[in-house]
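The lines below spell out each chain.
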Amino acid sequence: MGARVSGPAGQGGATVDQNADINVTPFVDIMLVLLIIFMVAAPIATVSLRLDLPPARPPVGAVEHRDPVYVSVQEDGKLYLADRETSMDRLAADVCAATGKGAGCHDERVFIRAQPEVRYDRFMAVMNGLKASGFDKVGLLNEDIE
């Protein structure tokens, strides 16, 4: 909006319109020019250094990662350790044999998976049997069947 301002007494009462709005167009033009300058100058400013790094080696005493042991519970009550059949009585010994660690086998991860038709009490019996044998890292495995 313009404001009407009266001139000095000698101008015969003529008024001058003043515009108080800021002209943004030059500001936008300057910002676009600066943006283009920085876009062109940024890749030039990066300095590449050639580094000759030694090859990566595992640290001394690094733990070898092994695949976890999978215990499968079938609908008919049979237990399988990977693809070998086992029983509740032999399960702890077979898991230790599958890990190949002997006395330190109780620190290994053991996953239990079951068919959807397996009764809950049968599944929990396997899990509790492993816990009672000293396997604290027991996990449940869910596989989506499509």
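Here's a quick rundown of the structure. From a predicted model like this one, the values you see are computed outputs, not experimental measurements.

Some thoughts on the overall build of the chain
Along its length, the chain carries three helices and seven strands. Along the chain, helices and strands appear, N-terminal first, in the series β-β-α-β-β-β-α-β-α-β. Buried residues in the chain amount to 17% of all 146 residues. Long-range contacts, defined as pairs at least 24 residues apart, comprise 55% of the intrachain contacts of the chain with a sequence gap of at least 6. Counting only carbon and sulfur atoms, one obtains 58% of the accessible surface of the chain, whose full area is about 11,800 Å².

A look at the nonpolar core
By size, the foremost hydrophobic cluster in this structure holds 18 residues, and its most contacted members are Val71, Leu91, Val95, Ile112, Val126, Leu130 and Phe135. If you list the elements that add at least two residues to this core, you get strand 3 (69-73), strand 4 (79-81), helix 2 (91-99), strand 6 (110-114) and helix 3 (120-132). Ranked by the residues each element gives to this core, the list is headed by helix 3, at four residues. Sequence-distant contacts of isoleucine 112, that is, excluding residues within four places in its chain, are made with Val71, Val73, Phe123, Val126, Met127, Leu130, Val138, Gly139, Leu140 and Leu141.

Focus on the packing of aromatic side chains
Applying the stated criterion across every chain yields a total of one aromatic pair. Relative to phenylalanine 111, the ring of tyrosine 70 lies with its centre 5.8 Å away and its plane at 25 degrees, an arrangement referred to as stacked. Within this pair, whereas tyrosine 70 is found in strand 3, its partner phenylalanine 111 is found in strand 6, the two being separated by 41 residues in sequence.

Digging into the pairing of strand 3
The side chains of a regular strand alternate between the sheet's two faces. The buried fraction of strand 3 is high, at four of five residues. The sheet contact formed by strand 3 and strand 4 spans three bridges and is antiparallel. In the sheet register, valine 71 faces strand 4, and the bridge partner there is leucine 81.

Observations regarding the pairing of strand 6
Pairing of strand 3 with strand 6, which is carried by five bridges, proceeds in the parallel orientation. Following the sheet pairing, tyrosine 70 is matched in strand 6 by phenylalanine 111. The pairing of strand 6 with strand 7 (residues 138-140) spans three bridges and is parallel. Within strand 7, the residue paired with isoleucine 112 across the bridge is leucine 140. In this region the chain leaves strand 6, passes through helix 3 and returns to the parallel neighbour strand 7; the handedness of that crossover is right-handed.

Digging into the pattern of salt bridges
Counted according to the given criterion, the structure contains three salt bridges. In this structure, aspartate 94 and arginine 90 form a salt bridge, with 3.8 Å as the shortest nitrogen-oxygen distance. Since its relative accessible area comes to 15%, aspartate 94 is described here as buried. Residue classification places arginine 90 among the partly exposed residues on the basis of a relative accessible area of 43%. Here arginine 119 and aspartate 121 are joined by a salt bridge, their closest N and O atoms 3.3 Å apart. Arginine 119 sits in the exposed class, given a relative accessible area of 60%. Aspartate 121 gets classed as partly exposed once you look at its relative accessible area, which sits at 47%.

Basis of the calculations
- Residues numbered from 1 in each chain as written.
- Predicted model: local features only at pLDDT ≥ 70, side-chain atom pairs only at ≥ 80, totals over all residues.
- Heavy atoms only, no water.
- Helix = DSSP H or I, 4+ residues; strand = E, 2+ residues; numbered from the N terminus.
- Buried < 20%, exposed > 50% of the residue type's maximum accessible area, 1.4 Å probe, protein only.
- Contact = heavy atoms within 4.5 Å.
- Areas by Shrake-Rupley, 256 points an atom, 1.4 Å probe, with all protein chains shown as cover.
- Core = buried A, V, L, I, M, F, W, Y, C linked by side-chain atoms within 4.5 Å.
- Phe/Tyr/Trp six-rings, centres within 6.5 Å; stacked < 30°, edge-to-face > 60°.
- Pairing = 2+ DSSP bridges.
- Right-handed = clockwise from strand over helix to strand, strands pointing away.
- Salt bridge = Lys/Arg side-chain N within 4 Å of Asp/Glu carboxyl O.

Limitation: the analysis is restricted to geometry and does not speak to function.
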